[in-house]
Amino acid sequence: MAESLDAHMRDEIDDQVAEAFDAYLADRLAEPGPLRAALASRRSIGLVLGTVGLGALATALAPGDSNVVGWIWGAIAVIDLAWLLTARRR
């Protein structure tokens, strides 16, 4: 009986945690942010997808040196962040 009660309590706690997490995510998704602003302004996300695609290709073709790959993805991050921040200003 103790095991049944323990399992029931764990299930109840899991349900409460899941409900709280769902409510938290719903609140966070409702908040405005740079990506939401970019999408709301109907700007194409082609730049972001293009840079990620080119980054994946460049990573595959890069020599085994991890510094090169780090610079590639650092440049992609800067480009994408600049795109998101300019979308927020409009």
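Asks: Where do I start with the overall build of the protein in this structure?
Replies: Counting its regular elements, the protein contains 4 helices and 0 strands. Evaluated residue by residue, the protein yields a buried proportion of 11% over its 90 residues. Across the protein, the fraction of contacts at a sequence separation of at least 24, relative to all contacts at a separation of at least 6, is 63%. Taken as a whole, the protein presents about 7200 Å² of accessible surface, with 65% of it coming from carbon and sulfur.

Asks: Got a minute to help me understand a negative patch on the surface in this structure?
Replies: A surface patch of negative charge is lined by D11, E12, D14, D15, E19 and D22. With respect to the helices and strands, the residue E12 is situated in helix α1 (residues 2–30). Classification of E12 by relative accessible area gives partly exposed; the value is 36%.

Asks: Hey, could you run me through a nonpolar patch on the surface in this one?
Replies: There is a patch of nonpolar side chains on the surface, built from F21, Y24 and L25 and spanning about 310 Å² of accessible area. Along the polypeptide, L25 turns up in helix α1.

Asks: Mind showing me how you'd approach the side chain of D80 here?
Replies: Within the secondary structure, D80 sits in helix α4 (residues 66–89). Residues in contact with D80, not counting those within four places in the same chain, are L47, V48, T51 and V52.

Asks: What exactly am I supposed to notice about the side chain of T51 here?
Replies: For T51, the position within the fold is in helix α3 (residues 46–61). By relative accessible area, T51 is classed as buried at 10%. Setting aside anything within four residues of it in sequence, one finds T51 in contact with I76, I79 and D80.

Asks: I'm lost on the confidence of the model for the protein in this one. Help?
Replies: Detailed reading of predicted coordinates is not advised where the pLDDT is low. Confidence along the protein averages 76 in pLDDT terms, with 77% of residues attaining 70 or more. At the low end of the mean pLDDT range in the protein sits helix α2 (residues 34–40), at 61; at the high end sits α1, at 81.

Cut-offs and rules
- Residues numbered from 1 in each chain as written.
- Predicted model: local features only at pLDDT ≥ 70, side-chain atom pairs only at ≥ 80, totals over all residues.
- Heavy atoms only, no water.
- Helix = DSSP H or I, 4+ residues; strand = E, 2+ residues; numbered from the N terminus.
- Buried < 20%, exposed > 50% of the residue type's maximum accessible area, 1.4 Å probe, protein only.
- Contact = heavy atoms within 4.5 Å.
- Areas by Shrake-Rupley, 256 points an atom, 1.4 Å probe, with all protein chains shown as cover.
- Patch = residues over 30% accessible without salt bridge, like charges linked within 9 Å, V, L, I, M, F, W, Y side chains within 5 Å.
- Salt bridge = Lys/Arg side-chain N within 4 Å of Asp/Glu carboxyl O.
- Lys, Arg positive; Asp, Glu negative; His and termini not counted.
- Charge placed at Lys NZ, Arg CZ, Asp CG, Glu CD.
- pLDDT = per-residue confidence, 0-100.

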